[in-house]
Amino acid sequence: MSTINQSGWKPEMGSAGDTGPATYTGNKALMLEEALIFEIGTSGTTGVDLADAPKVTSRLGNLARHRDIGLPGLSEPETVRHYTRLSRQNYAIDLGFFPLGSCTMKHNPRLNEKVARMEGFADVHPLQPVETVQGALAVIHDLAHWLVTLTGMKAVAMSPKAGAHGELCGILAIRAALTARGDARSVILCPESAHGTNPATAAFAGYAVENIPATSEGRVDLAALKARLGPDVAGVMITNPNTCGLFERDMREISDAVHAAGGYVYCDGANFNAIVGRVRPGDLGVDAMHINLHKTFSTPHGGGGPGSGPVVLSEALAPYAPLPFVDKDGDHYRLVEEETTGTHHGASFGRMVAFHGQMGMFTRALAYIMSHGADGLRQVAEDAVLNANYLLRSLEDVLEAPFAHSGPCMHEALFSDNGLAEGFSTLDIAKGLIDEGYHPMTVYFPLVVHGAMLVEPTETESKATLDQFIGAMRSVAERAKSGDPALKSAPHHAPRRRLDETQAARKPVLVWREPEQAVAAE
Amino acid sequence: MRYLPLTPSDRQAMLGVIGAQSIDDLFVDVPAHAQLDGPIPGLPNHASEMAVERHFSELARQNMTASHNPFFLGAGAYKHHVPASVDHIIQRGEFLTAYTPYQPEIAQGTLQMLFEFQTQVARLFGCDVANASMYDGSTACWEAIGMAGRITKRTKALLSSGLHPHYVSVAKTMAQYTGDTLDIKLPELSAQTDSARLLAAIDGETSCVVVQYPDILGRIEDMSAIAAKAHEHGALLIAVVTEPVALGAIKAPGDMGADIVVGEGQSLGVGLQFGGPYVGLFACKEKFVRQMPGRLCGETVDAQGKRGFVLTLSTREQHIRREKATSNICTNSGLCALAFSIHLTLLGEKGLRGLAELNHGLAVQAADRLSQIAGVELVNDAFFNEFTLKLPKEARPVVRALADRKVLGGVSLGRLYPEADALANGLVVAVTEVATKEDVETFAAALQEVLA
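Scoring rules and cut-offs
Residues numbered from 1 in each chain as written. Chains lettered and ligands numbered in written order. Predicted model: local features only at pLDDT ≥ 70, side-chain atom pairs only at ≥ 80, totals over all residues. Helix = DSSP H or I, 4+ residues; strand = E, 2+ residues; numbered from the N terminus. Rg over C-alpha atoms; globule rule 2.2 N^0.38 Å. Buried ≥ 20, exposed ≤ 12 C-beta atoms within 10 Å, placed from the backbone. Contact = placed C-beta atoms within 7 Å. Pairing = 2+ DSSP bridges. Right-handed = clockwise from strand over helix to strand, strands pointing away. Domains from an automatic or database assignment. Nonpolar A, V, L, I, M, F, W, Y, C, P; charged D, E, K, R; others polar. Core = buried A, V, L, I, M, F, W, Y, C linked by C-beta atoms within 7 Å. Axes fitted to C-alpha atoms, helices over the stretch in contact; angles between N-to-C directions. pLDDT = per-residue confidence, 0-100. Expected span 1.5 Å × (residues − 1). Parallel < 35°, antiparallel > 145°, perpendicular 65-115°, else oblique. Left-handed = near helix turned anticlockwise from the far one by under 90°.

## Quick notes on the overall build of chain B
Looking only at helices and strands, chain B features 14 helices and 13 strands. Against the 2.2 N^0.38 benchmark of 22 Å for 452 residues, chain B shows a C-alpha radius of gyration of 25 Å, consistent with a compact globule. In terms of overall dimensions, chain B has a C-alpha envelope of 80 × 55 × 50 Å along the principal axes. Of all 452 residues assigned to chain B, the portion counted as buried reaches 63%. Relative to all contacts within chain B whose residues are 6 or more apart in sequence, the contacts with residues 24 or more apart total 73%.

Have a look at this one:
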């Protein structure tokens, strides 16, 4: 047992795999099985009491619906129980440690939820006259001010709906700027370690994607990048801090070289949490960067969204920002919705979404930002980096850390699966951690490391939590190195054992059908 | 700092384990010129929970809310009563603070919910399959146009003039970069849609026809003829539904031959929220499933043979396919999809039909009442819960004048089509179950006064 982890609480465990006798219901005390709404609901049941409809002559044309829709209903108590039971089959930050690298699963303050639900924000329509929504526009304007100030940039596009949508916004702004100067360029450069959304975004915007090589240190190879730059390169997409958890030391040189070659620099801001309040991307020559409000600024992930991806823009790209956006004239907030309103917005590349973006996420993010303030946000970055380095140094003797020699890590620590027993892989460690009561780290990303395990603790975890995790991770890693067969079939204690993903993809069953229909459809 | 658990002595102990003298040692890779010495000037420092809450309360008070005023706005976002249990359930930490269900053994709650959601959406739209949701209706609409291009290997999309102008704008933005051509036209203040134009324009180069149902003016029309003509020429029909409650009263687009049906799910469970987050709905015929964008949840079994659910067909997606993915979309709108699904489960078939009937009945009464006002004309023949009035003067200032009288009286076409003089007198009015008889009377009286 390592001396590092002595303060980590280690509960007395029962014997692994002892699940007791089978039960009649299939339930196991608090672990409750739940059928689908289609199996328990009926078309005649409803959990909503409605007023009687007035008797009128229908104006539905000839389009009145006759065929049943096939929607089961549940009464209110059944509904609450159904979803409550489902909820208990989920892991969540509220339950425990969620060290998912690159995803920044930090605590979600409930104040954020409270302010987002204030009627003045939650119960206003996006097309109300602007005079009736001045307070809502003020929130957008205030958040925009924080984002441009924290990043040292010129402007921010608030409407992108998520990180990948923000990437698209940035790349479209680059393309618009190039088009405006009559410069048709065809290539975007991305490091191999980039998020999959980077190449997908560039391709969607009509660019060919080429890889930028990395050094053995895990950073962008500046010399190789410079050698590739030329009149066909529209820009580069670089994640900084990068997905190996390292700061790109040469970022300023990269930006200068790209600019000198006539291109633009997109920075994937997924990892902004590591530097917020300490480093401004604008000082590094970045032209566009999305900010995942659900990562750095604590809006809830909600089981896969909604996200929000405002994009900060440099002076060079600001004129091409998408519509709409909020402007302030004296004390009055204006919403600029049309390309022709105001000559200085005439170069906008257009609209990316209906309405004005993820207002419900803006209120939450602003509440978080104001709670921390400029001083607290700096502490956020420092604690996030401190926690990650603590994990890295506490685990590097049991798991290979391929870039541990490359300098301190930033917000996340990267390990590989080298040194595990024959037949054991990263997946087995991930599933073993599930039995230990953790959500696994990010696995098999970035692609540049074999069997990558990317561990991001965030700043909202205590030292005691980290110490217990270190103990668990060391234990699971040792089992994977010694070839413990029980680990191959983990998890043993989750609501489900390993699921057959191959079958799911080979014969996709994406909707529920009555059992006899399901057979007929085979 | 209430969200940060590390104590000063923790930090010191941890730096010791790391072998660092101070936190600055961990930022050595940041060049000195980019390091900030202290908090960024000009921004306030941290604030208590109470102070932040007071600040937001003050801003919230400056907005006129849908619940406290007669309210008749629609045009792609609708006010419906959302049962209290919906918001209670989505605030459970196990849903709210979960991640994308990539580790299915500990995410069956989210996955089963998504499987139920997909089934509900597919049935509501009259389609075979649906995905686990998109950002919103407008982006779902654009993704559908892109998908039709991949399926037909053609680039010409025909957009109905009744498609929401924001959806048209999003498609225009994207088309600049993808090489698609869009055939678009402004709507006319008439009971007639432009289906004749669409029918005439479909040819062997058309990838898809995009029709909103009910459309931006609230008009509803059978799409079967367009579907038939499109299919005859190897093109697809994409139907767009911005008010899913309508499908409790009118035929599903899939039943009229639509190949892809997309929509905005906001009106069930989600609420207005000043425009977002909302939830994009996306459904299609089974044969097109491998060309769909976004996440899909599928049924399978675990190692002990128990039914379970996983995200599937991810070989379409960016994290596997990178630049060859069907879309760059990464996230979905999971929590809003949950709200939608819970609300629809509470309603059930019976409740949705009842709600739709109630909306339609109230809208018919309101349309009749408002069109009695001198100079006000009802544009629509057929509609569900939203209709267009032609006013004797420009509608945009009328809407502002109504707001001064504490009535949120619809969306002017001047707001939606600022350049189109022929539409300037149009006012789109939505009437849902939240509008009382008194609200309609207050609206009618205020409108009469403003028009006088």
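## Some words on the sheet that holds strand 12 (residues 453-455) of chain A
Residue and element names in this part refer to chain A. Read from one edge to the other, the open sheet built from 3 strands follows the order 10-12-11, with strand pairing classed as antiparallel. The open sheet has two edge strands with one neighbour each: strand 10 (413-415) and strand 11 (442-443). By the bridge criterion, 2 bridges tie strand 11 to strand 12 in an arrangement that is antiparallel. Paired with Thr442 across the two strands is Leu454, which belongs to strand 12.

## Observations regarding the pairing of strand 8 (residues 297-301) of chain B
All names here are of chain B. Strand 8 sits mainly inside the fold: 4 of its 5 residues count as buried. When strand 8 meets strand 9 (residues 307-311), the two strands line up antiparallel, connected through 5 bridges. Note on strand 9: the bridge partner recorded for Gly298 is Val310. Connecting the antiparallel pair strand 8 and strand 9 is a turn made up of 5 residues, with Gly305 showing a positive phi of about 85°.

## Quick word on the pairing of strand 2 (residues 187-191) of chain A
Residues and elements named next belong to chain A. Burial of strand 2 is extensive: 4 of the 5 residues sit out of reach of the surface. Here 5 bridges tie strand 2 to strand 3 (residues 208-212), and the two strands are oriented parallel to one another. By the bridge assignment for strand 3, Val187 is matched with Ala208. Since strand 2 and strand 3 lie parallel, the crossover through helix 7 (residues 197-204) that links them has a hand, and here it is right-handed.

## Comments concerning the domain arrangement of chain B
Residues and elements named next belong to chain B. Partitioning chain B into domains gives domain 1 (84-343) and domain 2 (350-451). The straight-line distance from the C-alpha centre of domain 1 to that of domain 2 is 28 Å. Taken together, the contact between domain 1 and domain 2 spans 16 residues of the former and 25 residues of the latter. Grouping the amino acids of the side of domain 1 that touches domain 2 by side-chain chemistry returns 11 nonpolar, 3 polar and 2 charged.

## Concerning the nonpolar core
Formed by 317 residues in total, the largest nonpolar core has its most connected members in Ala173 of chain A together with Val209, Val210 and Ile238 of chain B. Considering each element in turn, this core owes the most residues, 21 residues, to helix 10 (residues 359-395) of chain A.

## Some details on the sheet that holds strand 10 (residues 377-378) of chain B
Residue and element names in this part refer to chain B. What the 4 strands build is an open sheet, ordered 10-11-13-12; its pairing is antiparallel. Two strands in the sheet have a free side with no partner beyond their single neighbour: strand 10 and strand 12 (411-412). One ladder, built from 5 bridges, connects strand 11 (residues 386-390) with strand 13 (residues 426-430); its direction is antiparallel. Residue pairing across strands places Thr388 opposite Val428, the latter belonging to strand 13. The sheet strands contacting helix 11 (residues 334-370) are strand 10, strand 11 and strand 13, and the helix crosses strand 11 at an angle near 5°.

## Considering the confidence of the model for chain A
Low-pLDDT stretches of the model should not have their predicted coordinates read in fine detail. Residues and elements named next belong to chain A. Taken over all residues, the pLDDT of chain A has a mean of 92, while the share at 70 or more is 94%. Contacts of residues 1-6 to residues separated by more than four positions or lying in other chains number 8 contacts, the stretch itself having pLDDT below 50. Predicted confidence for residues 13-17 stays below pLDDT 50, and this span has 3 contacts to residues more than four positions away or in other chains.

## Re the environment of Leu281 of chain B
Note that Leu281 of chain B resides in strand 7 (residues 280-284). Measuring from C-alpha to C-alpha, the distance between Leu281 of chain B and Asp381 of chain B comes to 28 Å, with 100 residues separating the pair along the chain.

## Some words on helix 6 (residues 163-180) of chain A
Residue and element names in this part refer to chain A. Taking 1.5 Å per residue as the helical rise, helix 6 with its 18 residues ought to reach 26 Å, and the 26 Å between its terminal C-alpha atoms agrees with that figure. With respect to burial, helix 6 is a largely interior element, 15 of its 18 residues being buried. Following helix 6 by one or two positions, Gly182 adopts a phi angle in the positive range, close to 70°.

## Let's talk about the domain arrangement of chain A
All names here are of chain A. Parsing chain A into structural domains produces domain 1 (113-367) and domain 2 (374-503). The C-alpha centroid of domain 2 is placed 30 Å from the C-alpha centroid of domain 1. For the side of domain 1 that touches domain 2, the per-class residue count stands at 8 nonpolar, 7 polar and 3 charged.

## Remarks on the environment of Ala288 of chain A
Residue and element names in this part refer to chain A. Checked against the element boundaries, Ala288 lands in strand 6 (residues 288-290). In the structure, Ala288 is positioned 114 residues away from Ile174 in sequence and 8.4 Å away in space, judged by C-alpha atoms. Once residues lying within four places of it in the same chain are set aside, the contact partners of Ala288 are Gly170, Ala173, Ile174, Tyr266, Val311, Leu313, Ser314 and Leu317.

## Things to note about the packing of helix 11 (residues 426-435) of chain A against helix 12 (residues 463-482) of chain A
Residues and elements named next belong to chain A. Running from amino to carboxyl end, helix 11 crosses helix 12 at an angle of 135°, the nearest separation of the two axes being 9 Å. By the criterion of interaxial angle, the relationship of helix 11 to helix 12 is oblique. In the packing of helix 11 onto helix 12, the handedness of the crossing is right-handed. Counted together, Asp428, Ile429, Gly432 and Leu433 of helix 11 and Ala472, Val476, Ala477, Arg479 and Ala480 of helix 12 form the full contact between these two elements. In terms of residue class, the contact of helix 11 with helix 12 is built from 6 nonpolar, 1 polar and 2 charged.

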